[in-house]
Amino acid sequence: MIRTLALCLLLAAPAAAQDFSALARIDPAASRIADDGQGLRVDLALSQTVPYRVFTLTDPMRVIVDFREVDFSGLIPEDLWQYGTATEVSFGPLRPGWSRLVVTLDAPLAVAQAGLTVDDQTGAARLNLRLTPTDADSFAASAGAPDAPAAPDVSLDAPAQRRGPLVVAIDPGHGGVDPGATRGDIHEADLMLQLGIEVAEAINRSGTLQAVLTRTADEFVPLEERMTIARAAGAGVMVSLHADALDDTVTRGASAYTLNAEGQDRAAQRMAERHERGDLLSGLDLTGQDDRVATVLMDMARAETMPASRRLADALVAGLRGSGARINSRPLRQGRLAVLNAADFPSVLLEAGFLSNAADRAALSTPDGRAPIVAGITAALQDWATAEAARAPLKRQ
């Protein structure tokens, strides 16, 4: 069975099914970059899932796909490329941890569709991009490499050594080429960005906590970059904001997700094998350590952060209920969501509501409708931070 993955919620595929001993590779026999009669298609068969981002550049007109990370060794452009709208194809390492594919165009094209699917049985993935004709002015206006959201100017000491307010990473889900759930012209990515900004502003006004956003514009930020942004800011907790859409129109209200036990084990292995060693645990450089050491250290860290995540989920549900926000009939849930993979700080994914429900959709679309959610999240974080500070002397050293 093939399922479509939301870009910032990559689920860990079965460990036994995936071979993480090497970087993702492209199968040239099952891949192509070619005209489709109305534009250009980029169809790449990958040996495993890999975070990516897509954007365009001018002078010359190009579409860029950055991967984290792909092994292009042994591959030549002619293995993938059929000459046409694409006049040149090149690929290779970009910088440590990143690879780049460049497709030079002979006419302005816009990215109309971008998606990644994964095979549940093998762990193999397929990246599909569809580019459609646009005019030169529109191409130039939308071109440009996305920047990572700016983080506060702070040192990279371990959070436990910091002084001052607890830093809260607010992570608006999706963005850029990944709009998330949609209903008509309403996109999850847009609503969660607005909600995230309002939550961050409320947190900073509180005077007791400090917020950092993992994205501040409609741009695609890979999952690992979101975690890196949080760590660079010294975040002690992360809340990822989402609003799903279901087949039914009845399900409504907010719910809080934490990582389940199965996800915890797979998360440790996935992070050890896929992530940069120096960024696995804030304040601890694991460069040069083997996977076993990295995994054990992350498991030790999760012994503290997993219970704290569950306490935060409880606090969020209580805070939202107290502020008058709509709560789902089953508000506490668990899942193998990769945005919850971080070992070194508690994290919760908050489904703020469902775009498939008209009442939730209306509430999430206006400042007044979002106000109870903003108030509930802010109060919950304050209550949770106070309770965690009281527990700190009881934690084992």
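Calculation criteria
- Per-chain numbering applies: the sequence of each chain, read as written, is numbered from 1 onward.
- Thresholds applied to this predicted model are a pLDDT of at least 70 for local features of residues and 80 or more for the giving and counting of side-chain atom pairs; totals over whole chains, interfaces and linings are not thresholded and use all residues.
- Heavy atoms throughout the structure, all of them, feed into the side-chain values; hydrogens and water do not.
- Values of pLDDT, the confidence the predictor places in each residue, fall between 0 and 100.
- Each helix is a run of DSSP H or I of at least 4 residues and each strand a run of E of at least 2, with the numbering of both proceeding from the N terminus.
- Contact criterion: two residues are considered in contact whenever any of their non-hydrogen atoms come within 4.5 Å of each other.
- Throughout this description, the term nonpolar core refers to a set of buried Ala, Val, Leu, Ile, Met, Phe, Trp, Tyr and Cys residues connected via side-chain atoms within 4.5 Å.
- Each residue's exposure class comes from its accessible area (1.4 Å probe, protein chains only) as a fraction of the maximum for that residue type: buried when under 20%, exposed when over 50%, partly exposed otherwise.
- Whenever two N or O atoms come within 3.5 Å, that pair is a polar contact, provided that in protein one can donate a hydrogen and the other can accept it, and provided that, for residues adjacent in sequence, both atoms are side-chain atoms.
- A helix is expected to reach a length of 1.5 Å times the quantity of its residues less one.
- Whenever Lys or Arg places a side-chain nitrogen within 4 Å of a carboxyl oxygen from Asp or Glu, that contact is recorded as a salt bridge.

Turning next to the confidence of the model for the chain. Per-residue pLDDT for the chain averages 77, and the proportion of residues at 70 or more is 75%. For the chain, per-element mean pLDDT is lowest for strand β1 (residues 2-5), which scores 30, and highest for helix α6 (residues 358-364), which scores 96. Here residues 1-21 is a poorly scored stretch, pLDDT under 50, and it has 61 contacts once near neighbours within four places are set aside; other chains count. A low-confidence stretch, residues 263-302 stays under pLDDT 50, and its non-local contacts, those more than four residues away or across chains, total 93 contacts.

Counting 39 residues, the largest nonpolar core has Ile377 and Leu381 as its most contacted members. Where this core is concerned, the elements lending two or more residues are β12 (166-172), α2 (188-206), β15 (209-213), β16 (237-244), β17 (254-259), α5 (291-323), β19 (347-354) and α7 (367-391). Setting aside anything within four residues of it in sequence, one finds Ile377 in contact with Val199, Leu241, Leu316, Leu320 and Leu350. With 32 residues, the next largest nonpolar core counts Val50, Val63, Trp81 and Phe91 among its residues.

This next bit is on the side chain of Arg226. One can find Arg226 in helix α3 (residues 223-232). One polar contact links the side chain of Arg226 to the main-chain carbonyl oxygen of Val221, over a distance of 2.8 Å.

In this model, α2 (19 residues) spans 27 Å end to end at C-alpha, consistent with the 27 Å of a helix rising 1.5 Å per residue. Considered for burial, the residues of α2 that qualify are Glu188, Ala189, Leu191, Met192, Leu193, Leu195, Gly196, Glu198, Val199, Ala200, Ala202 and Ile203. Taken from the residues just after α2, Gly207 is the one with a positive phi, measuring 80 degrees.

For the rest of this paragraph, the subject is the environment of Asn328. As for its placement among the helices and strands, Asn328 is situated in strand β18 (residues 327-335). Judged by relative accessible area, which is 5%, Asn328 ranks as buried. Taking C-alpha positions, Asn328 is 8.1 Å from Gly353, a pair spaced 25 residues apart along the chain. Those residues in contact with Asn328, other than ones at most four positions away along the chain, are Thr251, Arg252, Gly253, Ala254, Ser255, Arg333 and Phe354.

Moving on, we get to the pattern of salt bridges. It is possible for side chains of opposite charge to pair when their charged atoms get near one another. Enumeration over the complete set of coordinates arrives at nine salt bridges. Between Asp36 and Arg41 there is a salt bridge whose closest N-O contact spans 3.4 Å. Under the relative-accessibility criterion, Arg41 is labelled partly exposed at 31%. Salt-bridge contacts for Arg370 lead to Glu198; the nearest nitrogen and oxygen are separated by 2.8 Å. Taken together, the positions of Arg370 in helix α7 and Glu198 in helix α2 put the pair 172 residues apart, joining distant regions of the chain. Arg370 sits in the buried class, given a relative accessible area of 5%. Salt bridges here are not isolated pairs; linked through shared partners, they connect Asp36, Arg41 and Arg130.

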